[in-house]
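Observations on the model geometry
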Amino acid sequence: MTQVELLSPAGTLRHMRYAFAYGADAVYAGLPRYSLRVRNNDFTLANLETGIAEAHAQGRKFYLAANVLPHNGKVKTFVKDFHPIVEAGPDALIMADPGLILQVRETWPEMPIHLSVQANTMNYAAVCFWQRLGIERIILSRELSLDEIAEIRQRCPDVELEVFVHGALCIAYSGRCLLSGYFNRRDPNQGTCTNACRWEYRVKPAGASGGQRHPAADRTYLLEDPGRPGEYMPILEDEHGTYILNSKDLRAVEHVHKLVALGIDCLKIEGRTKSHYYVARTAQVYRQAIDDALAGRPFDSRLIGVLENLANRGYTDGFYQRHHSHEYQNYLQGASRSHRQQFVGEVEDYDPASGKAQLLIKNKLRRGDRIEWISPAGNRDLTVDHLEDLEGNALEEAPGAGWRVRLQVPSAGRYDLVARYLEGIVP
(Lines give C-alpha, C1' and ligand atoms only; values in the text may rest on other atoms or scores of the structure.)
Protein backbone atom coordinates (compact mmCIF):
# COMPACT_ATOMS: atom_id res chain seq x y z
CA MET A 1 0.00 0.00 0.00
CA THR A 2 1.40 3.41 -0.97
CA GLN A 3 -1.22 5.65 0.62
CA VAL A 4 -3.45 5.59 3.68
CA GLU A 5 -5.91 8.42 3.98
CA LEU A 6 -6.11 10.37 7.24
CA LEU A 7 -9.65 11.70 7.71
CA SER A 8 -10.28 14.45 10.27
CA PRO A 9 -13.47 16.02 11.64
CA ALA A 10 -14.59 19.49 10.58
CA GLY A 11 -17.33 21.09 12.62
CA THR A 12 -16.36 24.50 11.22
CA LEU A 13 -14.29 25.98 8.42
CA ARG A 14 -11.67 26.91 10.99
CA HIS A 15 -11.38 23.30 12.13
CA MET A 16 -11.07 22.17 8.52
CA ARG A 17 -8.18 24.56 7.93
CA TYR A 18 -6.30 23.35 11.02
CA ALA A 19 -6.89 19.74 9.98
CA PHE A 20 -5.35 20.33 6.57
CA ALA A 21 -2.48 22.38 8.01
CA TYR A 22 -1.52 19.50 10.32
CA GLY A 23 -1.63 16.71 7.78
CA ALA A 24 -5.17 15.48 7.16
CA ASP A 25 -5.79 14.20 3.64
CA ALA A 26 -9.53 14.75 3.93
CA VAL A 27 -12.22 16.09 6.24
CA TYR A 28 -15.86 15.27 6.82
CA ALA A 29 -18.65 17.70 7.63
CA GLY A 30 -22.40 17.88 7.19
CA LEU A 31 -25.51 20.01 7.14
CA PRO A 32 -27.06 19.96 10.63
CA ARG A 33 -30.41 18.66 9.32
CA TYR A 34 -29.01 15.53 7.70
CA SER A 35 -25.89 14.64 9.70
CA LEU A 36 -25.47 13.52 13.29
CA ARG A 37 -24.07 16.84 14.48
CA VAL A 38 -26.57 19.63 14.98
CA ARG A 39 -24.78 21.50 17.77
CA ASN A 40 -21.44 23.25 17.17
CA ASN A 41 -21.92 22.87 13.44
CA ASP A 42 -21.62 26.01 11.29
CA PHE A 43 -21.79 24.29 7.91
CA THR A 44 -24.49 26.16 6.11
CA LEU A 45 -24.68 25.66 2.36
CA ALA A 46 -22.42 28.67 1.81
CA ASN A 47 -19.79 27.33 4.21
CA LEU A 48 -19.95 23.90 2.61
CA GLU A 49 -19.31 25.44 -0.80
CA THR A 50 -16.36 27.37 0.64
CA GLY A 51 -14.96 24.31 2.39
CA ILE A 52 -15.23 22.07 -0.66
CA ALA A 53 -13.56 24.69 -2.87
CA GLU A 54 -10.70 25.22 -0.39
CA ALA A 55 -10.15 21.49 0.03
CA HIS A 56 -9.97 20.88 -3.72
CA ALA A 57 -7.65 23.86 -4.20
CA GLN A 58 -5.19 22.09 -1.86
CA GLY A 59 -5.62 18.71 -3.51
CA ARG A 60 -7.52 17.42 -0.43
CA LYS A 61 -10.91 15.76 -0.16
CA PHE A 62 -14.14 16.87 1.46
CA TYR A 63 -16.74 14.28 2.42
CA LEU A 64 -20.31 15.25 3.23
CA ALA A 65 -22.01 13.39 6.10
CA ALA A 66 -25.66 12.60 5.38
CA ASN A 67 -25.86 9.74 7.84
CA VAL A 68 -29.06 10.63 9.65
CA LEU A 69 -31.61 7.84 10.16
CA PRO A 70 -34.56 9.94 8.98
CA HIS A 71 -38.23 10.03 9.73
CA ASN A 72 -40.60 10.65 6.83
CA GLY A 73 -40.33 14.44 6.99
CA LYS A 74 -36.63 14.44 6.20
CA VAL A 75 -37.03 11.86 3.45
CA LYS A 76 -39.49 14.17 1.68
CA THR A 77 -37.08 17.14 1.65
CA PHE A 78 -33.80 15.31 1.09
CA VAL A 79 -33.43 15.40 -2.70
CA LYS A 80 -34.50 19.05 -2.96
CA ASP A 81 -32.14 20.14 -0.19
CA PHE A 82 -29.20 18.17 -1.61
CA HIS A 83 -29.31 19.45 -5.19
CA PRO A 84 -27.11 22.51 -4.43
CA ILE A 85 -24.84 20.42 -2.20
CA VAL A 86 -24.17 17.84 -4.90
CA GLU A 87 -23.53 20.68 -7.34
CA ALA A 88 -20.83 22.00 -4.96
CA GLY A 89 -18.88 18.80 -5.63
CA PRO A 90 -18.21 16.87 -2.40
CA ASP A 91 -15.96 13.87 -2.97
CA ALA A 92 -18.46 11.46 -1.44
CA LEU A 93 -21.59 11.31 0.68
CA ILE A 94 -21.36 9.42 3.98
CA MET A 95 -24.73 7.67 4.38
CA ALA A 96 -26.45 5.05 6.54
CA ASP A 97 -30.13 4.90 5.60
CA PRO A 98 -31.01 2.57 2.67
CA GLY A 99 -33.89 4.81 1.61
CA LEU A 100 -31.74 7.90 1.28
CA ILE A 101 -29.03 5.84 -0.43
CA LEU A 102 -31.64 4.71 -2.97
CA GLN A 103 -32.66 8.34 -3.60
CA VAL A 104 -29.04 9.34 -4.22
CA ARG A 105 -28.51 6.36 -6.54
CA GLU A 106 -31.59 7.31 -8.58
CA THR A 107 -30.95 11.08 -8.65
CA TRP A 108 -27.15 11.27 -8.83
CA PRO A 109 -25.91 7.86 -9.99
CA GLU A 110 -22.31 9.06 -10.32
CA MET A 111 -22.06 10.39 -6.74
CA PRO A 112 -19.71 8.20 -4.64
CA ILE A 113 -21.23 6.90 -1.42
CA HIS A 114 -19.38 5.84 1.72
CA LEU A 115 -21.39 3.66 4.10
CA SER A 116 -21.51 5.30 7.55
CA VAL A 117 -20.51 3.55 10.75
CA GLN A 118 -24.16 4.10 11.69
CA ALA A 119 -25.00 1.16 9.42
CA ASN A 120 -23.07 -1.09 11.84
CA THR A 121 -21.24 -3.22 9.28
CA MET A 122 -19.85 -6.11 11.32
CA ASN A 123 -18.89 -8.84 8.84
CA TYR A 124 -17.58 -9.59 5.36
CA ALA A 125 -20.99 -10.72 4.07
CA ALA A 126 -22.47 -7.29 4.86
CA VAL A 127 -19.50 -5.63 3.16
CA CYS A 128 -20.13 -7.71 0.03
CA PHE A 129 -23.83 -6.81 0.11
CA TRP A 130 -23.16 -3.08 0.17
CA GLN A 131 -20.40 -3.37 -2.41
CA ARG A 132 -22.83 -5.01 -4.86
CA LEU A 133 -25.12 -2.02 -4.41
CA GLY A 134 -22.33 0.26 -5.63
CA ILE A 135 -21.01 1.57 -2.30
CA GLU A 136 -17.36 2.53 -2.80
CA ARG A 137 -16.22 2.58 0.83
CA ILE A 138 -17.42 0.84 3.97
CA ILE A 139 -16.80 2.45 7.35
CA LEU A 140 -16.60 -0.60 9.58
CA SER A 141 -18.29 -0.83 12.95
CA ARG A 142 -16.24 0.27 15.95
CA GLU A 143 -17.09 -3.02 17.66
CA LEU A 144 -14.69 -5.13 15.56
CA SER A 145 -11.37 -6.60 16.63
CA LEU A 146 -8.17 -6.39 14.60
CA ASP A 147 -8.55 -10.07 13.69
CA GLU A 148 -12.10 -9.53 12.44
CA ILE A 149 -10.99 -6.53 10.38
CA ALA A 150 -8.17 -8.62 8.92
CA GLU A 151 -10.62 -11.31 7.80
CA ILE A 152 -12.91 -8.74 6.20
CA ARG A 153 -9.96 -7.26 4.32
CA GLN A 154 -8.88 -10.68 3.12
CA ARG A 155 -12.36 -11.68 1.93
CA CYS A 156 -13.19 -8.25 0.44
CA PRO A 157 -9.95 -7.12 -1.20
CA ASP A 158 -11.39 -4.72 -3.78
CA VAL A 159 -13.57 -2.40 -1.69
CA GLU A 160 -12.30 0.56 0.34
CA LEU A 161 -12.38 0.07 4.10
CA GLU A 162 -12.32 2.81 6.73
CA VAL A 163 -12.02 2.52 10.52
CA PHE A 164 -12.12 4.90 13.47
CA VAL A 165 -8.87 5.30 15.41
CA HIS A 166 -9.63 8.15 17.79
CA GLY A 167 -12.51 9.95 19.50
CA ALA A 168 -15.63 9.45 21.57
CA LEU A 169 -17.28 6.06 21.91
CA CYS A 170 -20.95 5.35 22.52
CA ILE A 171 -22.43 3.01 25.08
CA ALA A 172 -24.59 1.70 22.22
CA TYR A 173 -23.64 0.43 18.79
CA SER A 174 -22.23 3.50 17.06
CA GLY A 175 -24.77 6.04 18.20
CA ARG A 176 -27.89 3.88 18.21
CA CYS A 177 -28.79 4.98 21.71
CA LEU A 178 -32.10 6.09 23.22
CA LEU A 179 -30.89 7.72 26.44
CA SER A 180 -30.98 11.30 25.17
CA GLY A 181 -34.41 10.78 23.65
CA TYR A 182 -35.65 9.08 26.82
CA PHE A 183 -34.52 11.83 29.19
CA ASN A 184 -35.16 15.02 27.23
CA ARG A 185 -36.65 14.08 23.85
CA ARG A 186 -33.54 14.86 21.81
CA ASP A 187 -32.94 11.98 19.44
CA PRO A 188 -29.31 10.90 18.95
CA ASN A 189 -30.16 9.40 15.57
CA GLN A 190 -31.37 12.79 14.37
CA GLY A 191 -28.15 14.54 15.37
CA THR A 192 -29.33 16.06 18.66
CA CYS A 193 -27.65 13.77 21.20
CA THR A 194 -27.06 15.40 24.58
CA ASN A 195 -24.54 12.73 25.65
CA ALA A 196 -26.84 11.55 28.42
CA CYS A 197 -24.50 8.59 28.97
CA ARG A 198 -21.94 11.08 30.28
CA TRP A 199 -24.10 12.85 32.82
CA GLU A 200 -23.59 12.44 36.55
CA TYR A 201 -25.79 9.71 37.97
CA ARG A 202 -26.49 8.27 41.39
CA VAL A 203 -26.71 4.48 41.44
CA LYS A 204 -29.01 2.66 43.88
CA PRO A 205 -29.96 -0.99 44.33
CA ALA A 206 -33.41 -1.70 42.94
CA GLY A 207 -34.88 -2.27 46.38
CA ALA A 208 -33.70 1.11 47.68
CA SER A 209 -36.35 3.30 46.02
CA GLY A 210 -39.17 2.20 48.28
CA GLY A 211 -41.13 0.71 45.37
CA GLN A 212 -41.86 -2.86 44.38
CA ARG A 213 -38.72 -4.99 44.28
CA HIS A 214 -37.62 -6.01 40.79
CA PRO A 215 -37.60 -9.81 40.18
CA ALA A 216 -33.90 -9.58 39.40
CA ALA A 217 -33.22 -7.03 42.14
CA ASP A 218 -29.94 -8.62 43.10
CA ARG A 219 -28.60 -7.68 39.67
CA THR A 220 -30.67 -4.57 38.96
CA TYR A 221 -29.81 -0.98 39.82
CA LEU A 222 -31.63 2.31 39.50
CA LEU A 223 -30.04 5.41 38.01
CA GLU A 224 -31.06 8.85 39.22
CA ASP A 225 -30.09 12.06 37.46
CA PRO A 226 -29.42 14.69 40.20
CA GLY A 227 -31.31 17.19 38.05
CA ARG A 228 -34.41 14.96 38.13
CA PRO A 229 -34.66 13.68 41.71
CA GLY A 230 -37.09 10.85 42.19
CA GLU A 231 -37.01 9.72 38.56
CA TYR A 232 -35.37 6.33 38.29
CA MET A 233 -34.16 4.36 35.30
CA PRO A 234 -33.49 0.65 35.83
CA ILE A 235 -30.32 -0.96 34.49
CA LEU A 236 -29.49 -4.63 34.59
CA GLU A 237 -25.99 -5.88 35.35
CA ASP A 238 -24.76 -9.26 34.19
CA GLU A 239 -21.38 -10.98 34.20
CA HIS A 240 -20.11 -8.51 31.57
CA GLY A 241 -21.06 -5.34 33.45
CA THR A 242 -23.64 -2.61 32.85
CA TYR A 243 -24.48 -0.83 29.61
CA ILE A 244 -25.27 2.79 30.36
CA LEU A 245 -22.46 4.61 32.14
CA ASN A 246 -19.84 6.76 30.46
CA SER A 247 -17.51 5.12 27.97
CA LYS A 248 -13.85 5.93 27.78
CA ASP A 249 -12.58 7.61 24.59
CA LEU A 250 -11.00 5.66 21.75
CA ARG A 251 -7.25 5.97 21.21
CA ALA A 252 -5.79 3.42 18.81
CA VAL A 253 -2.61 5.14 17.67
CA GLU A 254 -0.63 2.12 18.88
CA HIS A 255 -2.53 0.01 16.32
CA VAL A 256 -1.89 2.22 13.29
CA HIS A 257 1.02 0.10 12.09
CA LYS A 258 -1.16 -3.02 12.19
CA LEU A 259 -4.07 -1.31 10.42
CA VAL A 260 -1.75 -0.03 7.70
CA ALA A 261 -0.26 -3.50 7.28
CA LEU A 262 -3.77 -4.94 6.93
CA GLY A 263 -4.43 -2.64 4.00
CA ILE A 264 -7.04 -0.35 5.55
CA ASP A 265 -7.63 2.56 3.17
CA CYS A 266 -8.65 5.28 5.62
CA LEU A 267 -8.12 6.00 9.32
CA LYS A 268 -10.74 8.29 10.80
CA ILE A 269 -10.75 10.65 13.77
CA GLU A 270 -14.03 11.48 15.53
CA GLY A 271 -14.72 14.92 16.97
CA ARG A 272 -16.70 17.48 14.99
CA THR A 273 -17.69 19.23 18.23
CA LYS A 274 -14.14 19.28 19.64
CA SER A 275 -11.72 22.25 19.60
CA HIS A 276 -9.40 23.28 16.77
CA TYR A 277 -6.51 22.36 19.09
CA TYR A 278 -7.86 18.81 19.29
CA VAL A 279 -8.21 18.67 15.50
CA ALA A 280 -4.66 19.92 14.96
CA ARG A 281 -3.02 17.67 17.54
CA THR A 282 -4.81 14.49 16.51
CA ALA A 283 -4.11 15.13 12.84
CA GLN A 284 -0.42 15.73 13.54
CA VAL A 285 -0.06 12.62 15.72
CA TYR A 286 -1.88 10.22 13.42
CA ARG A 287 -0.16 11.70 10.37
CA GLN A 288 3.20 10.81 11.93
CA ALA A 289 2.02 7.34 12.91
CA ILE A 290 0.77 6.64 9.38
CA ASP A 291 3.90 8.03 7.74
CA ASP A 292 6.14 6.00 10.07
CA ALA A 293 4.20 2.84 9.27
CA LEU A 294 4.38 3.41 5.52
CA ALA A 295 8.11 4.15 5.72
CA GLY A 296 8.85 1.05 7.78
CA ARG A 297 9.85 3.03 10.86
CA PRO A 298 8.88 1.68 14.31
CA PHE A 299 5.99 3.14 16.27
CA ASP A 300 6.97 6.19 18.32
CA SER A 301 5.50 5.60 21.79
CA ARG A 302 5.76 9.31 22.61
CA LEU A 303 2.68 9.86 20.44
CA ILE A 304 0.59 8.20 23.15
CA GLY A 305 1.70 10.85 25.63
CA VAL A 306 0.85 13.69 23.24
CA LEU A 307 -2.72 12.44 22.95
CA GLU A 308 -2.96 12.12 26.73
CA ASN A 309 -2.87 15.93 26.94
CA LEU A 310 -6.11 16.34 25.03
CA ALA A 311 -9.35 16.52 26.99
CA ASN A 312 -10.50 12.93 27.40
CA ARG A 313 -12.54 10.66 29.65
CA GLY A 314 -9.80 8.12 29.96
CA TYR A 315 -8.59 6.15 26.96
CA THR A 316 -9.26 2.70 25.62
CA ASP A 317 -8.35 1.02 22.36
CA GLY A 318 -11.94 -0.13 22.18
CA PHE A 319 -12.53 -3.57 20.71
CA TYR A 320 -9.34 -3.75 18.66
CA GLN A 321 -7.53 -5.84 21.26
CA ARG A 322 -9.40 -7.19 24.26
CA HIS A 323 -6.44 -8.07 26.50
CA HIS A 324 -3.05 -6.38 26.77
CA SER A 325 -0.03 -8.12 28.15
CA HIS A 326 1.51 -6.78 31.36
CA GLU A 327 4.49 -5.48 29.41
CA TYR A 328 2.30 -3.72 26.86
CA GLN A 329 0.23 -2.05 29.56
CA ASN A 330 3.38 -0.68 31.22
CA TYR A 331 4.50 0.61 27.86
CA LEU A 332 1.23 2.50 27.41
CA GLN A 333 1.27 3.96 30.92
CA GLY A 334 4.90 4.99 30.76
CA ALA A 335 4.46 6.82 27.47
CA SER A 336 1.33 8.59 28.74
CA ARG A 337 3.10 10.08 31.76
CA SER A 338 6.12 11.44 29.92
CA HIS A 339 4.55 14.31 28.01
CA ARG A 340 2.05 16.16 30.21
CA GLN A 341 0.99 19.52 28.80
CA GLN A 342 -1.72 22.16 28.72
CA PHE A 343 -2.84 24.15 25.68
CA VAL A 344 -2.03 27.81 26.39
CA GLY A 345 -2.29 29.82 23.19
CA GLU A 346 -2.47 30.24 19.43
CA VAL A 347 -0.59 32.53 17.07
CA GLU A 348 -2.51 35.51 15.74
CA ASP A 349 0.36 37.42 14.12
CA TYR A 350 4.13 37.36 13.63
CA ASP A 351 6.52 40.22 12.95
CA PRO A 352 9.69 38.92 11.26
CA ALA A 353 11.49 42.23 11.84
CA SER A 354 11.23 42.03 15.63
CA GLY A 355 10.97 38.24 15.83
CA LYS A 356 7.88 38.52 18.03
CA ALA A 357 4.73 36.44 17.80
CA GLN A 358 1.37 37.63 19.08
CA LEU A 359 -0.54 34.98 20.99
CA LEU A 360 -4.18 34.75 21.98
CA ILE A 361 -3.97 33.14 25.41
CA LYS A 362 -6.22 30.22 26.32
CA ASN A 363 -4.72 29.22 29.69
CA LYS A 364 -2.12 30.73 32.03
CA LEU A 365 1.34 31.34 30.56
CA ARG A 366 4.26 32.59 32.70
CA ARG A 367 7.77 33.82 32.11
CA GLY A 368 10.14 30.90 32.58
CA ASP A 369 7.63 28.27 31.39
CA ARG A 370 8.85 25.46 29.19
CA ILE A 371 6.62 25.26 26.13
CA GLU A 372 6.21 23.21 23.01
CA TRP A 373 5.80 25.33 19.90
CA ILE A 374 3.45 23.28 17.73
CA SER A 375 3.62 23.96 14.00
CA PRO A 376 2.71 22.25 10.74
CA ALA A 377 6.38 22.72 9.84
CA GLY A 378 7.51 20.77 12.93
CA ASN A 379 7.40 21.14 16.71
CA ARG A 380 10.14 22.50 18.97
CA ASP A 381 10.68 23.09 22.70
CA LEU A 382 11.33 26.61 23.97
CA THR A 383 11.57 28.55 27.22
CA VAL A 384 9.54 31.74 27.68
CA ASP A 385 12.36 34.16 28.51
CA HIS A 386 10.35 37.32 27.88
CA LEU A 387 6.65 38.04 27.86
CA GLU A 388 5.05 41.39 27.09
CA ASP A 389 1.64 42.94 26.46
CA LEU A 390 0.71 44.56 23.16
CA GLU A 391 2.08 47.91 24.37
CA GLY A 392 5.51 46.39 24.99
CA ASN A 393 5.27 46.27 28.79
CA ALA A 394 7.03 43.29 30.37
CA LEU A 395 4.79 40.71 32.01
CA GLU A 396 5.46 37.97 34.51
CA GLU A 397 2.39 36.09 33.39
CA ALA A 398 -0.71 36.14 31.24
CA PRO A 399 -3.23 34.85 33.79
CA GLY A 400 -5.79 33.27 31.52
CA ALA A 401 -8.07 33.16 28.51
CA GLY A 402 -8.58 36.35 26.50
CA TRP A 403 -5.18 37.91 27.08
CA ARG A 404 -3.01 38.83 24.11
CA VAL A 405 0.76 38.83 24.54
CA ARG A 406 3.93 38.83 22.52
CA LEU A 407 7.00 36.66 22.93
CA GLN A 408 10.26 36.18 21.08
CA VAL A 409 10.49 33.13 18.79
CA PRO A 410 12.71 32.29 15.81
CA SER A 411 9.70 31.94 13.49
CA ALA A 412 5.95 31.51 13.60
CA GLY A 413 3.16 30.69 11.19
CA ARG A 414 -0.57 31.09 10.80
CA TYR A 415 -1.63 27.80 12.35
CA ASP A 416 0.98 27.57 15.13
CA LEU A 417 -0.17 26.58 18.61
CA VAL A 418 1.51 26.62 22.02
CA ALA A 419 1.36 24.09 24.86
CA ARG A 420 2.96 24.47 28.30
CA TYR A 421 4.78 21.58 29.93
CA LEU A 422 3.31 20.96 33.35
CA GLU A 423 5.52 21.34 36.39
CA GLY A 424 7.93 18.54 37.06
CA ILE A 425 8.01 17.40 33.43
CA VAL A 426 11.35 17.62 31.66
CA PRO A 427 10.97 17.39 27.88
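First, a word on scope: everything that follows refers to the structure included in this document. In this text the structure is predicted, and so the values were computed from the model without any measurement. All residue numbers here refer to positions counted from 1 along the written sequence of the relevant chain. Residue-level local features of this predicted model are given only where pLDDT is at least 70; pairs of side-chain atoms are given and counted only at 80 or more, and the full residue set underlies all totals for whole chains, interfaces and linings. Hydrogens are left out, water is left out, and the side-chain values use all remaining heavy atoms of the structure.

1. Examining the overall build of the protein chain
For clarity, the threshold we go by: Each helix is a run of H or I in the DSSP string that is no shorter than four residues. Each strand is a run of E no shorter than two, and both are numbered from the N terminus. We call a residue buried when its accessible area falls under 20% of the maximum for its residue type, exposed when it is over 50%, and partly exposed in between, using a 1.4 Å probe and counting protein chains only. Should any heavy atoms of two residues lie within 4.5 Å, those residues are counted as being in contact.
Check the secondary structure of the protein chain and you find 11 helices and 21 strands. Here the protein chain, with 427 residues, has 51% of them falling under the buried criterion. Here the analysis covers contacts within the protein chain between residues at least 6 apart in sequence; of these, 66% occur between residues at least 24 apart.

2. Re the packing of helix α1 (residues 13–21) against helix α2 (residues 45–57)
This is how the line gets drawn: Axis lines are fitted through C-alpha atoms, for helices just across the contact stretch, and the angle between N-to-C directions can take any value from 0 to 180 degrees. These descriptions rest on fixed angle ranges, namely under 35 degrees for roughly parallel, over 145 for roughly antiparallel, 65 to 115 for roughly perpendicular, and the rest for oblique. Left-handed describes a crossing whose near helix is turned anticlockwise from the far helix through less than a right angle; right-handed describes the clockwise counterpart.
At their nearest, the axes of α1 and α2 sit 10 Å apart, and the two run at 15° to each other. It follows that α1 is roughly parallel to α2 by the angle criterion. In this structure, the crossing between α1 and α2 has a hand that is right-handed. Where α1 approaches α2, its residues L13, M16, R17 and F20 are matched on the opposing element by N47, T50, G51, E54 and A55.

3. Points about the sheet that holds strand β21 (residues 417–421)
The strands making up a sheet associate through hydrogen bonds between their backbones, and the pairing can be parallel or antiparallel. As a reminder, the rule being used: At least two bridges found by DSSP between two strands is the condition for calling them paired.
Spatial ordering of the open sheet is given by β18-β17-β21-β14-β15-β20, a layout of 6 strands whose pairing is antiparallel. In this open sheet, the two edge strands, each paired with only one partner strand, are β18 (380–383) and β20 (404–408). Averaged over all pairs of adjacent strands, the angle between strand axes in this sheet comes to 35°, irrespective of strand direction. As defined by bridge partners, strand β14 (residues 341–351) adjoins strand β15 (residues 356–361) across 6 bridges and the pair is classed as antiparallel. From the neighbouring strand, Y350 faces β15, where its bridge partner is A357. On top of the sheet, helix α9 (residues 276–295) reaches β14, β17 (370–374) and β21; it is set at about 95° to β14, its chief contact.

4. Notes on the packing of aromatic side chains
Filter applied, for reference: Centres within 6.5 Å are what make two rings of Phe, Tyr or Trp a pair, Trp counting through its six-membered ring; a difference in plane orientation under 30 degrees is then read as stacked, over 60 as edge-to-face, and the rest as tilted.
This model, assessed by the stated rule, comprises 7 aromatic pairs. With a centroid separation of 5.5 Å and 80° between ring planes, the pair formed by Y34 and F78 is classed as edge-to-face. Here Y34, found in the loop between β2 (26–29) and α2, pairs with F78, found in helix α3 (residues 72–88); they are 44 residues apart in sequence, far enough to count as distant. Across the pair, exposure class does not vary: Y34 and F78 are buried alike. Members of the aromatic cluster, each reached through a chain of ring pairs, are Y34, F78 and F82.

5. Describing the pairing of β2
Burial along β2 is two-sided: the face carrying A26 and Y28 and the face carrying V27 and A29 are both buried. Direction of pairing for strand β1 (residues 5–9) relative to β2: parallel, over a ladder of 3 bridges. When the bridges of β2 are listed, L7 appears paired with A26. Pairing geometry for β2 and strand β3 (residues 61–66), over 4 bridges, is parallel.

6. A look at the pattern of salt bridges
A side chain of one charge can pair with a side chain of the opposite charge when the charged atoms of the two come close. The test is simple: We count a salt bridge whenever a side-chain nitrogen from Lys or Arg sits within 4 Å of a carboxyl oxygen from Asp or Glu.
This structure, assessed with the given rule, holds 21 salt bridges. The salt bridge partner of D25 is R287, with a shortest N-O separation of 2.8 Å. Within this pair, whereas D25 is found in the loop between α1 and β2, its partner R287 is found in helix α9, the two being separated by 262 residues in sequence. When salt bridges that share partners are traced, they join E5, R137, E160, E162 and K268 into one network.

7. What about the side chain of T121?
Within the element layout of this structure, T121 appears in the loop between β5 (113–115) and α5 (124–132). The exposure class of T121 is buried, given its relative accessible area of 1%. What T121 contacts, discounting residues up to four positions off in sequence, is L115, A126, V127, W130, I138, L140, S141 and L144.

8. Points about the pairing of strand β12 (residues 266–269)
The alternating pattern of β12 places C266 and K268 on one face and L267 and I269 on the opposite face, and all of these are buried. Here 3 bridges tie β1 to β12, and the two strands are oriented parallel to one another. Across the sheet, the residue bridging to L7 is K268, located in β12. Relative to β12, strand β7 (residues 160–167) is paired through 4 bridges, and the arrangement is parallel. Bridging from a neighbouring strand, E162 pairs with C266 of β12.

9. Details of helix α4 (residues 98–107)
So the rule is basically this: By construction, the arc corresponds to the directions joining the helix axis to the C-beta atoms. Counting of polar contacts relies on pairs of N or O atoms within 3.5 Å, with two restrictions inside protein: one atom must be capable of donating a hydrogen and the other of accepting it, and residues adjacent in sequence are counted only when both atoms are side-chain atoms.
Regarding α4, the residues found buried are L100, I101, Q103 and V104. All buried residues of α4 lie within an arc of 160° about the axis, which places them on one face of the element. Where α4 is buried, its residues meet β3, α3, β4 (92–95), β5 and α5. Two or three places before G99, at the start of α4, stands the capping residue D97, its side-chain oxygen 3.0 Å from that residue's backbone nitrogen.

10. Structural notes on α3
Rule in force here: The length a helix should cover is 1.5 Å for every residue beyond the first. Bend angle per residue: angle between axes fitted to the 7 residues ending at that residue and the 7 residues starting there.
The end-to-end C-alpha distance of α3, which contains 17 residues, comes to 26 Å, matching closely the 24 Å that a straight helix rising 1.5 Å per residue would cover. Within α3, the axis deviates most sharply at F78, by approximately 45°. Those residues of α3 that fall on the buried side of the exposure criterion are K74, F78, F82, I85 and V86. One or two steps after α3, the chain reaches G89, where phi turns positive at roughly 90°.

On their own, these measurements won't tell you what the molecule is for.
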